[in-house]
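# Structure assessment
As a plain string of letters, each chain reads:
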Amino acid sequence: MKRRDFLKYLGSGIVGTGVGLAFGKVTKPPGAKLIPYLIPPEDVIPGVATWYASLCTQCSAGCGILVKVMEGRAKKIEGNPLHPVNKGRLCARGNAALQALYNPDRIKGPMKRTGERGSGKYKEISWNEAVSILGRNLSELDKNGATEGLYVLTSTLRGHLNTLIREFMSSYGSPNYMQYELFQHRNLIYANRVSMGLDAIPHYDIANTRYLLSFGADFSSTWLSPVNLSHGYGEMRQGGARRRGVLVQVEPRLSLTGANADEWVPVRPGTEGVLALSIAHEIVAGGYYKGADASSWKELLSGFSPEHAARVTEVDAGRIHHIAKEFVKTRPSLAIGGDNLSAYRDGLSCLVAVNILNHLAGNIGRKGGVVPNPAGLLKGRTGTELRKDRITALAKSALEGDVKTLIVYNTNPVFTTPAGVKLERALRNVPFIASLSSFMDETTAMADLILPSHTSLEDWGDDFAEPSTGVRVATLMQPAVSPVFDTRGAGDIFISLAKALGGKVGERLNYKGFPEYLKESWRKIYANNKEVAAGALTFDGFWNRLLEHGGWWQTEEPRHKPRSVSVRRVKAHIPTSPSEFEGDEGRYPLYLVTYPHAGYLDGRGANLPWLQEMPDPMTAVVWGSWVEINPKTARKLGIKQGDLVTVESPYGGIDLPAFLYEGIRPDTVAVPIGQGHRLYGRYAEKRGVNPIEILPVAEDKRSGELALNSTRVRLERKGADGKLVKMGVRTEELGRGIVQTITPEEFERIAGKEEA
Amino acid sequence: MSKIVKKVKERLRDFRRPGYYKEFEYNWTMVIDLDKCNGCEACVVACHAENNLPIVGKDECSKSRAFNWIRIERYVEGEFPNVKVKFIPIMCQHCNSAPCELGCPVYATYHNQDGLNVQVYNRCVGTFTCATYCPYDVRRFNWFTYKWPEPLDQQLNPDVTVREMGVMEKCTFCIQRIRVAKDRAKDENRKVRDGEVVPACVQSCPTGALVFGDRNDPKSRVAKLAKSPRRFRLLEGLNTDPSVIYLKRVMKKSGSKKHGEHG
Ligand code: SF4
Ligand code: SF4
């Protein structure tokens with residue numbers, strides 16, 4: 001989309017750049033009731049919307065958004081049509097960010113703990129007091145020569161907030177800055193490094209592929225960059241090409257993406273790696289791979305004949321052969337792996353196997369294949385750094401008394417780690433905890449001091465999307481509205497801390513506030529990078545354009561640099577046997593599969609009522625959680641739809657209603673992640689259960705990713721009323737021809753007659 | 001007085017003449033490509049945000065009183081492992097011979113000159129007739145006056161009426177957005193351009209399954225898509241003449257197994 005069209009798109013609206021343009025200044029006294037326009041601000045015209053281009057932070061995809069603001073209030077979020085990641089589109093979670101901003105259960109100002117830890121008793125204090133309490137604590141550490149006792153734990157941050165915290169920590173003298181959240185694609189990044197020498201996530205060009213082989217990656221709901229990949233999916237299906245792209249999904253439980261696939265391969269849980277290598281075996285054995293190292297591949301894969309794989313995976317040998325042939329013959333093709341695949345104990349190796357498939361079929365560095373991204377404008381967390389950020393390591397240090405002070409921002413590890421990590425106990429051992437959360441969640445409840453930060457619609461920031469789309473993408477975040485409560489930006493909090501501390505830190509971070517820091521950092525990028533600066537004569541002109549467009553990105557077609565996977569590299573990392581599951585097979589006969597809920601993701605969306613009442617895409621369940629059971633299995637156990645069932649692993653049990661689902665293997669049950677908050681506001685609290693609680697602590701040694709599919713369970717019927725509420729009554733068409741279909745063959749006959 | 005009544009009656013008769021809207025300037029149409037839609041529900045939440053739909057909570061949901069102007073239906077066929085799932089977004093079909101319009105005793109629901117089926121909230125007395133007549137089950141009734149706790153109410157869209165207890169409601173094709181575009185076009189002395197009206201669901205849809213526009217404009221995307229050999233309309237046999245056109249999902253016949261496709 002051109003800039004002119006962009007303005008047209010906004011229609012009667014105005015493009016806004018920074019709330020009230022008052023840089024770093026709050027235009028409305030926070031917490032005060034707004035007196036409606038006794039003296040109207042100059043840029044507010046009643047009834048006319050102002051649109052601010054900004055960044056979505058509901059997941060780590062980094063989509064560009066436009067926020068519609070009327071009379072100083074945010075009304076609607078839409079995708080930024082200029083933005084290369086989401087191309088003007090938005091997912092359900094992105095839409096619901098408004099309800100994070102206006103959530104009635106936000107923490108309304110700084111607070112100090114007065115009761116026992118975890119008792120929830122707090123006293124309101126002023127920002128000055130809050131900052132000085134934390135400042136004094138850090139000075140004390142410094143005086144005792146214990147600066148290394150300061151730990152900072154944040155969500156995945158890639159922009160200048162990350163740089164700022166890094167500078168803060170290094171000048172203060174602590175190496176202990178960690179980024180941790182449940183879904184960080186650690187296995188994927190590591191697998192790419194060991195197999196392709198790429199310490200990053202590439203762009204998966206679904207739009208242009210004709211055969212997509214997905215191992216568990218549910219990009220329609222949550223995986224990687226859902227909007228970008230779903231847009232690609234739409235293009236792959238009906239983008240005007242004569243040949244419609246095919247999707248084959250390999251997973252034991254049919255996900256939303258799987259439900260749209262042309263073929264579902266319900267493989268035995270944990271054996272996907274073996275299946276992938278068996279497909280690779282067939283590619284090499286069939287002579288389709290023409291590389292000079294074909295013979296060493298043959299040798300490496302010799303143990304993965306389809307006959308052997310069929311026994312392990314329960315996928316027919318003929319079918320394996322067929323998939324291999326289609327995969328290598330259909331051009332271009334693409335294999336992806338994620339979510340369910342990555343969640344096994346051996347997930348990393350399984351992902352290596354997927355990379356091998358792409359290599360053997362010649363898909364790496366091709367249009368419609370795997371497109372490695374150019375290095376970003378700003379270095380975020382490198383894979384190597386990320387690997388060190390382990391929540392188990394943090395728990396250990398805390399238990400051993402190494403963590404003196406912990407600052408937590410935008411992540412809720414108490415909710416997202418298995419009970420076995422004993423994180424809560426470990427945190428009780430930390431002398432001082434400060435949380436910068438806007439919400440009272442399970443981790444924040446451990447804090448002695450709460451400095452509530454802005455939500456993304458009130459704050460400044462930036463992001464360098466990973467994966468981007470084969471080109472460099474930088475997205476700017478600007479406040480669309482004045483703060484609703486007495487909160488501050490996370491960056492501002494670190495800068496005022498630096499001021500309170502003085503000394504080296506104070507010198508290093510001598511800025512008025514985070515907006516100034518951000519702008520200065522961009523001034524450097526502007527000065528050092530000709531490509532970015534192109535077309536802007538002055539920095540101010542450039543900055544305004546950044547704010548107007550919502551960022552900067554390359555507009556040319558991605559360059560396709562081939563990369564290869566070598567036998568030598570992957571040898572030590574390929575899966576040789578199925579992934580392990582804990583629990584004795586006799587006592588715990590069923591595999592447990594857990595997956596991020598389409599709305600709540602890792603639990604963060606559970607406090608947004610729109611998402612609670614959004615029917616789950618597959619089950620249509622609202623306001624709760626459930627366990628998916630194959631009807632055959634249920635019948636054997638005397639379980640009916642909606643019954644209350646206990647799901648028990650060697651690590652504990654949870655009670656939840658049964659959902660009978662034909663899309664799951666009879667030897668497997670599945671529970672979504674996201675509900676079961678003890679704390680998190682009125683919409684989330686005491687609703688459903690959190691399956692992470694009953695998982696073993698299974699961390700991949702190489703990447704630090706927590707395995708979510710790692711235990712077996714047993715089921716027991718507890719009672720009749722599990723209180724399962726689902727929307728939509730029927731899932732049968734009853735011959736009414738509601739969703740009409742045509743066959744692919746018919747489609748090929750008529751394709752081309754269609755103009756779009 | 002009786003003259004006015006007569007005039008109103010004539011006008012209403014006019015409005016009910018099947019196909020009359022084709023003589024008007026616009027004929028708003030939605031095309032939904034079922035081969036693109038992946039059932040992600042982004043459209044559902046976008047609609048909530050735009051149109052001030054209330055949240056009713058778990059208990060009310062269990063009584064089928066949840067508000068969805070657009071919903072995704074899912075059909076699950078077959079048994080493991082031969083399972084086929086099909087999704088379809090369904091909103092008000094803006095029928096051009098709409099059963100609901102015939103029933104309303106107070107003309108709260110009527111057909112406007114753009115071919116839209118509109119609902120006048122302050123005429124509605126809540127007889128439920130329209131919802132009973134609608135074959136697509138798209139109408140939702142306000143059993144209560146739903147309130148947002150502060151400050152969630154600050155999000156409410158000032159361009160859309162907030163409804164109260166006793167009123168029936170349904171998808172409007174985001175008429176507020178159509179209004180803005182038409183007003184602007186009028187000010188600039190031109191017709192609304194193709195792509196100028198983007199309803200909230202269409203705007204959000206990640207896969208690009210939804211397309212909206214004016215079918216009277218032969219160059220519009222919807223006019224072209226409406227000619228697709230994949231086109232069909234929902235429960236076409238009922239002769240409701242909907243303004244929503246679906247494009248068939250491309251899918252293997254269940255039971256037709258290709259080589260190797262088992263187990
Ligand atoms: S995919 Fe992630 S970043 Fe994009 S709109 Fe959805 S939540 Fe926001
Ligand atoms: S947003 Fe688009 S793809 Fe998602 S359910 Fe709605 S119509 Fe389908």
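As the structure is a prediction and not an experimental result, all values here were calculated from the model.

## Quick look at the nonpolar core
Of all hydrophobic cores here, the largest spans 182 residues; its most connected members are Leu-406 of chain A together with Trp-28, Met-30, Ile-88, Met-91, Phe-173 and Tyr-246 of chain B. Considering each element in turn, this core owes the most residues, six residues, to helix H2 (residues 42-51) of chain B. The residues contacting Trp-28 of chain B, other than those within four sequence positions of it, are Asp-114, Leu-116, Phe-173, Ile-178, Val-192, Val-197, Phe-212, Gly-213, Asp-214 and Ser-243 of chain B. Counting 69 residues, the second-largest nonpolar core is a separate cluster that includes Val-265, Leu-348, Leu-357 and Leu-386 of chain A.

## Quick look at the sheet that holds strand E10 (residues 244-247) of chain B
Residues and elements named next belong to chain B. Strand order in the open sheet made by the four strands is E8-E1-E10-E9, with mixed pairing throughout. Only two strands of the sheet have a single neighbouring strand rather than two, namely strand E8 (210-214) and strand E9 (231-232). Here E9 pairs with E10 via two bridges, running antiparallel. The residue bridging Arg-231 from the neighbouring strand is Leu-247, located in E10.

## Re the packing of helix H9 (residues 272-285) of chain A against helix H13 (residues 347-360) of chain A
All names here are of chain A. One can describe the packing of H9 onto H13 by two numbers: an axis separation of 8 Å at closest approach and a directional angle of 20°. Here H13 runs roughly parallel to H9, going by the angle between their axes. In this structure, the crossing between H9 and H13 has a hand that is left-handed. The residues of H13 that touch H9, namely those facing Gly-273, Ala-276, Leu-277, Ile-279, Ala-280, Ile-283 and Val-284, are Cys-350, Ala-353, Ile-356, Leu-357 and Leu-360. Residue composition of the contact of H9 with H13, grouped by class: 11 nonpolar, one polar and no charged.

## Details of the domain arrangement of chain A
All names here are of chain A. Taken domain by domain, chain A comprises domain 1 (3-101), domain 2 (111-180 + 389-453 + 491-511), domain 3 (187-371) and domain 4 (590-719). Using only C-alpha atoms to locate each centre, domain 2 and domain 4 end up separated by 31 Å. Contact residues are listed per partner, giving 19 residues for domain 2 and 24 residues for domain 4. Interface of domain 2 and domain 4: buried area, both sides summed, is about 1,500 Å²; carbon and sulfur atoms make up 58% of it. With its nearest N and O atoms 3.1 Å apart, the salt bridge here joins Arg-678 to Glu-424. Secondary structure elements with two or more residues in the side of domain 2 that touches domain 4: helix H15 (391-399) and helix H16 (413-416).

## Structural notes on the pattern of salt bridges
This structure, assessed with the given rule, holds 56 salt bridges over all chains. Two residues, Glu-582 of chain A and Arg-345 of chain A, come together in a salt bridge whose shortest N-O distance is 2.5 Å. Note that Glu-582 of chain A is positioned in the loop between helix H23 (567-570) and strand E21 (590-596) and Arg-345 of chain A in the loop between strand E13 (333-337) and H13, a separation of 237 residues in sequence. In this structure Glu-582 of chain A comes out as partly exposed when scored by relative accessible area, which is 24%. Here the residues in one salt-bridge network are Lys-76 and Glu-78 of chain A together with Glu-50 and Arg-177 of chain B, joined through shared partners.

## Concerning the site of ligand 2
Taken together, 13 residues form the shell around ligand 2, and within it Cys-37, Cys-40, Cys-43, Cys-205 and Thr-207 of chain B come nearest. Its residues placed into classes, the shell around ligand 2 shows nine nonpolar, three polar and one charged.

## Some points on the pairing of strand E3 (residues 64-70) of chain A
All names here are of chain A. Within E3, seven of the seven residues are buried, leaving the element largely enclosed by the surrounding structure. Residues Gly-64, Leu-66, Lys-68 and Met-70 of E3 are buried on one face, and the alternating residues Ile-65, Val-67 and Val-69, pointing to the opposite face, are buried as well. Bridge analysis of strand E2 (residues 50-55) against E3 gives six bridges, and the strand direction is antiparallel. Looking at E3, one finds that Leu-55 is bridged to Gly-64. Pairing analysis gives six bridges linking E3 to strand E4 (residues 73-79), with the strands arranged antiparallel.

## Brief notes about the interface of chain B and chain A
Of the residues lining the interface, 83 residues belong to chain B; the matching set on chain A comes to 97 residues. Note on chain B versus chain A: buried area summed over both sides is about 7,700 Å², and carbon and sulfur give 59% of it. Between chain B and chain A we count five salt bridges in total. Among the ionic pairs, Lys-86 of chain B bridges to Glu-733 of chain A, the shortest N-O distance being 2.6 Å. Linking chain B to chain A there are 31 residue pairs in polar contact (both at pLDDT 80 or more).

## Digging into empty space enclosed by the protein
Over the atoms rolls a probe the size of a water molecule, and its path tells where empty space is left. Residue and element names in this part refer to chain A. Applying the stated criterion to the full structure yields 13 cavities of 30 Å³ or more. Here the largest cavity is characterised by a volume of approximately 950 Å³. Lining the largest cavity we find 48 residues, and of these Thr-57, Ser-155, Tyr-409, Asn-410 and Arg-604 sit closest to its centre. When residues of the lining of the largest cavity are traced back to their parent elements, those giving at least two are helix H3 (97-101), helix H5 (160-172), H16, strand E18 (461-463) and helix H18 (490-501). At three residues, E18 tops the list of elements feeding residues into the lining of the largest cavity. By residue class, the composition of the lining of the largest cavity is 17 nonpolar, 23 polar and eight charged. When its volume is computed, the second largest cavity comes out at roughly 300 Å³. Lining the second largest cavity we find 25 residues, and of these Gly-338, Asp-339, Asn-340, Ala-343 and Pro-596 sit closest to its centre. By residue number, the principal contributor to the lining of the second largest cavity is E21, which donates four residues. When residues of the lining of the second largest cavity are assigned to domains, at least three map to each of domain 3 (187-371) and domain 4 (590-719).

## Brief notes about the environment of Ile-245 of chain B
Residues and elements named next belong to chain B. Summarising the element assignment, Ile-245 is placed in strand E10. In this structure, the C-alpha to C-alpha distance between Ile-245 and Arg-231, residues 14 residues apart in sequence, is 6.4 Å. In contact with Ile-245, not counting residues within four places along its chain, are Thr-29, Met-30, Val-31, Ile-32, Arg-215, Ala-226, Arg-231, Phe-232 and Arg-233.

## Digging into H5 of chain A
All names here are of chain A. Along its 13 residues, H5 runs 18 Å from first to last C-alpha, staying within 8% of the 18 Å computed at 1.5 Å per residue. A large share of H5 lies buried, amounting to 11 of its 13 residues. Burial in H5 covers these residues: His-160, Leu-161, Asn-162, Thr-163, Leu-164, Ile-165, Glu-167, Phe-168, Met-169, Ser-171 and Tyr-172. Gly-173 sits one or two residues past H5 and shows a positive phi near 105°.

## Quick look at the packing of aromatic side chains
Aromatic ring pairs are defined here through the distance separating the ring centres and the angle between the ring planes. Residues and elements named next belong to chain A. Summed over all chains, the structure comprises 28 aromatic pairs over all chains. Between the aromatic rings of Phe-659 and Tyr-661, the centroid separation amounts to 6.2 Å while the plane-to-plane angle is 55°, which identifies the pairing as tilted. Owing to a relative accessible area of 7%, Phe-659 belongs among the buried residues under this scheme. Taken together, the aromatic side chains of Trp-460, Phe-464, Trp-522, Tyr-526, Phe-539, Phe-542 and Trp-543 make up a single cluster linked through ring pairs. Cation over ring: Lys-108 sits above Phe-485, and NZ or CZ is 5.2 Å from the ring centre.

Reading the values: the criteria
Residues numbered from 1 in each chain as written. Chains lettered and ligands numbered in written order. Predicted model: local features only at pLDDT ≥ 70, side-chain atom pairs only at ≥ 80, totals over all residues. Heavy atoms only, no water. Core = buried A, V, L, I, M, F, W, Y, C linked by side-chain atoms within 4.5 Å. Buried < 20%, exposed > 50% of the residue type's maximum accessible area, 1.4 Å probe, protein only. Helix = DSSP H or I, 4+ residues; strand = E, 2+ residues; numbered from the N terminus. Contact = heavy atoms within 4.5 Å. Pairing = 2+ DSSP bridges. Axes fitted to C-alpha atoms, helices over the stretch in contact; angles between N-to-C directions. Parallel < 35°, antiparallel > 145°, perpendicular 65-115°, else oblique. Left-handed = near helix turned anticlockwise from the far one by under 90°. Nonpolar A, V, L, I, M, F, W, Y, C, P; charged D, E, K, R; others polar. Domains from an automatic or database assignment. Buried area = accessible area lost by both parts, 1.4 Å probe. Salt bridge = Lys/Arg side-chain N within 4 Å of Asp/Glu carboxyl O. Near = heavy atom within 4 Å. Polar contact = N/O pair within 3.5 Å; in protein donor to acceptor, adjacent residues only side chain to side chain. 1 Å grid on protein atoms, 1.4 Å probe; cavity = no way out; pocket = protein on both sides within 12 Å on 5 of 7 lines; lining within 4 Å. Points joined across faces, edges and corners; volume = space filled by probe spheres on them. Expected span 1.5 Å × (residues − 1). Phe/Tyr/Trp six-rings, centres within 6.5 Å; stacked < 30°, edge-to-face > 60°. Lys NZ or Arg CZ within 6 Å of the ring centre and 35° of its normal.

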